[in-house]
Amino acid sequence: MKIAVLASGSGTNLQTLIELLHKDETSDIEIAVVISDRQNAYALTRAKRAGIPTQVVRTNDFETRIAFDAEIAKHIDNYSVELIVLAGFMRIFQPPFVRKYHNQIINVHPSLLPAFPGATPVVDSLAYGVKVTGVTIHFVDEGIDSGPIIAQAVVPVYETDDEESLHNRIQIEEHKLYPKVIKQYAQGKIKVKGRNVIKVTNNHSSTQ
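Calculation criteria
- Residues numbered from 1 in each chain as written.
- Predicted model: local features only at pLDDT ≥ 70, side-chain atom pairs only at ≥ 80, totals over all residues.
- Heavy atoms only, no water.
- Axes fitted to C-alpha atoms, helices over the stretch in contact; angles between N-to-C directions.
- Helix = DSSP H or I, 4+ residues; strand = E, 2+ residues; numbered from the N terminus.
- Parallel < 35°, antiparallel > 145°, perpendicular 65-115°, else oblique.
- Left-handed = near helix turned anticlockwise from the far one by under 90°.
- Contact = heavy atoms within 4.5 Å.
- Nonpolar A, V, L, I, M, F, W, Y, C, P; charged D, E, K, R; others polar.

Draft legend 1. Representation of unusual backbone geometry within the structure. A cis geometry characterises the amide bond from Leu 113 onward to Pro 114, with omega recorded as 15°. Residues other than glycine seldom take positive phi values, yet Ser 80 does so here, at roughly 55°. Despite not being glycine, Asn 103 has its phi angle at roughly 60°, a positive value.

Laid out in structure tokens, this is it:
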């Protein structure tokens, strides 16, 4: 299965996917292209080192967000991508794009959704004083971090935590969970019924 990874920053999740999926000949998953909205994103360097094609699509080069989305869609279609993986991609797609790739876009979010959606979930979690937070892998819909939840992992919050320490522990769980979910998707083990994501394993289904 060919996937596209979209990233705006350093690409730590991308690196994990390169190591655990793209380079693993048994995974049957190929990162066909890495797309970034930032020309200097280190994620692009990681992709180039792994021999993965890259594309830069900047919002400032387009008059509308619809046109920006359409350019990304062009690259995705050119590479025959079956799953779009957001890995720190800091742009919100417009409804036509989301509808075009319905249940083919997944995102990783550093909180236990629906708690603390948006751009600053780690800061928000600390400010609220929660005792646990975590990681959510979800499908992207037309809202903000509001799509059907595929999988979650819990991360404890310690009294000594600051944003950096908590985010680092959350990332450890992201790097475990994201490749696992992508493998399940590639194997046809993830089905969506309304807001419920069904995991199909050995002819049995479970809702998570």
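There's plenty left to go through after this.
Draft legend 2. The packing of helix α1 (residues 12-22) against helix α6 (residues 163-186), seen in detail. Relative orientation of the contacting elements α1 and α6 amounts to 50°, with a least axis distance of 10 Å. Overall, the two elements α1 and α6 adopt an arrangement that is oblique. As for the relative orientation of α1 and α6, their crossing is right-handed in sense. Where α1 approaches α6, its residues Thr 12, Asn 13, Thr 16, Leu 17, Leu 20 and Leu 21 are matched on the opposing element by Gln 171, Glu 174, His 175, Tyr 178, Pro 179, Ile 182 and Lys 183. In terms of residue class, the contact of α1 with α6 is built from 6 nonpolar, 5 polar and 2 charged.

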